[in-house]
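Understanding the architecture of this molecule
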Amino acid sequence: MMATVSPVVLTRNIVMLLLLVVMATGLSGCGVNNIPTYEEDAKAKWSQVLSQYQRRADLVPNLVKTVKGFAAHEKDVLTSVVNARAKATSLNLPAGKAPTAEQLQKLQAVQGELSSALSRLLLVVERYPDLKSNQNFLQLQTALEGTENRIGVARRDYIEAVRRYNTELKTIPGRWWKQFMYPTNEPMPTFTIEKKKMEVPEVKF
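In this text the structure is predicted, and so the values were computed from the model without any measurement. (Residues numbered from 1 in each chain as written. Predicted model: local features only at pLDDT ≥ 70, side-chain atom pairs only at ≥ 80, totals over all residues. Heavy atoms only, no water.)

1. Examining the packing of helix α3 (residues 75-90) against helix α4 (residues 101-125)
Between α3 and α4, the shortest axis-to-axis distance is 8 Å and the interhelical angle comes to 155°. Regarding the angle of α3 to α4, the classification is roughly antiparallel. Viewed along their axes, α3 and α4 form a crossing whose handedness is left-handed. Between α3, through V77, L78, S80, V81, A84, R85, K87 and A88, and α4, the contact on the second element is made entirely by V110, Q111, E113, L114, A117, L118, R120, L121 and V124. For the contact of α3 with α4, the per-class residue count stands at 11 nonpolar, two polar and four charged. (Axes fitted to C-alpha atoms, helices over the stretch in contact; angles between N-to-C directions. Helix = DSSP H or I, 4+ residues; strand = E, 2+ residues; numbered from the N terminus. Parallel < 35°, antiparallel > 145°, perpendicular 65-115°, else oblique. Left-handed = near helix turned anticlockwise from the far one by under 90°. Contact = heavy atoms within 4.5 Å. Nonpolar A, V, L, I, M, F, W, Y, C, P; charged D, E, K, R; others polar.)

2. Details of unusual backbone geometry
In terms of backbone geometry, most residues other than glycine have negative phi values and most peptide bonds are trans. Going from I172 to P173, the amide bond is cis rather than trans, its omega being 10°. Mapped onto the secondary structure, P173 falls in the loop between α6 (135-170) and α7 (174-180).

3. What to know about the pattern of salt bridges
Evaluated as defined, the whole model comprises 12 salt bridges. The shortest N-O distance in the salt bridge between R156 and D157 comes to 3.3 Å. Assessed through its relative accessible area of 26%, D157 is described here as partly exposed. Because the salt bridges share partners, they merge into one network encompassing E39, E40 and K43. (Salt bridge = Lys/Arg side-chain N within 4 Å of Asp/Glu carboxyl O. Buried < 20%, exposed > 50% of the residue type's maximum accessible area, 1.4 Å probe, protein only.)

4. Quick look at the environment of Q139
With respect to the element layout, Q139 can be found in helix α6. With relative accessibility at 49%, the residue Q139 sits in the partly exposed group. Along the primary structure Q139 and L63 are separated by 76 residues, whereas in three dimensions their C-alpha atoms are 9.7 Å apart.

5. Things to note about the packing of aromatic side chains
Under the definition given, this model contains two aromatic pairs. Measuring from ring centre to ring centre gives 5.4 Å for W46 and Y158, while their planes differ by 50°; the resulting arrangement is tilted. Of this pair, W46 sits in helix α2 (residues 34-70) while Y158 sits in helix α6; the two residues are 112 residues apart in sequence, bridging distant segments of the chain. Judged by relative accessible area, Y158 falls into the buried class, the value being 0%. Their ring planes at 80° and their centres at 5.8 Å tell us that Y158 and F191 sit as a pair that is edge-to-face. One end of the pair, Y158, is in helix α6; the other, F191, is in the loop between α7 and α8 (195-198), with 33 residues separating them in the sequence. (Phe/Tyr/Trp six-rings, centres within 6.5 Å; stacked < 30°, edge-to-face > 60°.)

Shown next as structure tokens:
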């Protein structure tokens, strides 16, 4: 024989269910999920930064090989690019995990060194008209320029994602949620402007 549920118990269950729905809706609307949501977004943006840096590193060997075919005696410049790429690719950082401040500082250093080396290489190219008109070089140069733009966008997106996440940790109600529900979450580091880029250039006449 099937047991019957009394109207009182049934009503109480329905009320409890409605209360749970209201509480869940209220919690979701007051930002309880903001911290993990913003954290995952920042991690995804960080993965894009690493992906674009890897894309640039992958272009370097063919670029060096092409330049070497026309300007083999520019050994110092070519070597500096190869060495800078080796340093950049030897720094293994996890894509799905936020970097530490020390890791981000190292990344900026090695990628900045590679950027400087590539800038010097492209200046050397100006002395070789045949190289400048070489189809393979032009394709590589276009790909490199596109990648530099992608790096800029990826860094900008990461900086914005970290700003939003860090702000959530410091402001109310995010600060309260961190204290009670996400005590292990800490602010993420972000990119800084290199000192030499902040220096005012000296103008000589």
